[in-house]
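Structural characterization, general
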Amino acid sequence: MISSPVPGRRALVRAVPGSFTCALQSRPTALNPELARSQHATYVAALEGAGYRVTLLAADESCPDCCFIEDTAVILDGVTLITRPGAPSRLPETPAVAAALSQEQPVVYMQAPATMDGGDVLRVGRWLFAGRTARTNAAGIDRLSAVAAEVGLEVVPVAVAGALHLKSLCTLAAPELIVAVAHRIDLATFRARGLRVLETDELAGGNVLALGEVTLVSADSPLTASALAADGVSVRSIAISEFHRADGALTCLSLRFGAPG
Ligand code: GLY
């Protein structure tokens, strides 16, 4: 297990606010900020254990979803696109994130009517698979495409139905290996590009976080963890149940430099 920072691996996370009780949910249920904070601390420790130097941004009590920091930006090679999150209540999350990320590399912005949640952008090599969802519109994908083209990346739009984000359904588990919730997305998009796909029946299994030598998997998807391990992926399961209750997952909780996915 790596225990000291690896050059180039940096991550930005944002603390869980007390107002997390009011985070957006597709199925309303009581949320426990203390449990979420405990699980968040374990998540941060897992990033650090994988060699990431982690910067913790203070919570904003006026932004109940602010711990889902991935949605506020898309980090590219040499430039970061600050998004316009698709839920109006989440728009005020971006200035603090932009200020922090501008310390690392230049940032550019998205203008109305474009919207995008970073959870809709899955990077695999030179491709950026961009989910068209209720949070990410065509203008958002066009803006990402323009910024990406300037740094030699190609955006591939993907239709998503019945899920919050593209990465609610599929993520990168290892180089050229996608894990995807079965029957929920057109996998031909990935296979046509030579990528392997491991399908899972576990809803929480579609979102894993590849960190180099280790891939984090939600403790709510044990069969996915076993299948990935059988495929040769080194997995670590961590509990993020309180974030699942707010439609969140592993990737949502950080913005990463030096990581695929
Ligand atoms: N609760 C996360 C979101 O809906 O954006």
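Everything that follows concerns the structure shown earlier in this document.
A brief look at the structure comes next. Small disclaimer: the values here were computed from a predicted structure and weren't measured.

1. Quick notes on the overall build of the chain
Across its full length, the chain carries 6 helices and 15 strands. Relative to the compact-globule value of 18 Å for 261 residues, the chain shows a C-alpha radius of gyration of 17 Å, a close match. For the C-alpha atoms alone, the extent of the chain along its principal axes is close to 45 × 40 × 40 Å. For the chain, buried positions account for 55% of its 261 residues. The long-range fraction of contacts in the chain, counting pairs at least 24 apart against all pairs at least 6 apart in sequence, stands at 68%.

2. As for the site of the ligand
Around the ligand, the neighbouring residues are L24, D65, F68, R90, R135, L164 and A246. L24 places a polar main-chain atom, nitrogen or oxygen, 2.9 Å from a nitrogen atom of the ligand. The side chain of D65 places a nitrogen or oxygen atom 2.6 Å from a nitrogen atom of the ligand. Calculation on the ligand without its partners gives an accessible area of 200 Å², and the protein chains cover 97% of this total. Split into classes, the residues belonging to the shell around the ligand amount to 4 nonpolar, no polar and 3 charged.

3. Considering the packing of aromatic side chains
The final tally for this structure, using the stated rule, is 5 aromatic pairs. Seen in terms of ring centroids, F68 and F243 are 6.0 Å apart; in terms of plane orientation they differ by 85°. Their pairing is edge-to-face. You can see F68 sitting in the loop between β2 (53-57) and β3 (73-75) and its partner F243 sitting in helix α6 (residues 241-244), a full 175 residues away along the chain. Here F68 and F243 have matching classes, each one buried. An aromatic cluster is present here, built from F20, F68 and F243 joined pairwise through their rings. Lying over the aromatic face of W127, R193 brings its terminal NZ or CZ to 6.0 Å of the ring centre.

Reading guide: rules and limits
- Residues numbered from 1 in each chain as written.
- Predicted model: local features only at pLDDT ≥ 70, side-chain atom pairs only at ≥ 80, totals over all residues.
- Heavy atoms only, no water.
- Helix = DSSP H or I, 4+ residues; strand = E, 2+ residues; numbered from the N terminus.
- Rg over C-alpha atoms; globule rule 2.2 N^0.38 Å.
- Buried < 20%, exposed > 50% of the residue type's maximum accessible area, 1.4 Å probe, protein only.
- Contact = heavy atoms within 4.5 Å.
- Near = heavy atom within 4 Å.
- Polar contact = N/O pair within 3.5 Å; in protein donor to acceptor, adjacent residues only side chain to side chain.
- Areas by Shrake-Rupley, 256 points an atom, 1.4 Å probe, with all protein chains shown as cover.
- Nonpolar A, V, L, I, M, F, W, Y, C, P; charged D, E, K, R; others polar.
- Phe/Tyr/Trp six-rings, centres within 6.5 Å; stacked < 30°, edge-to-face > 60°.
- Lys NZ or Arg CZ within 6 Å of the ring centre and 35° of its normal.

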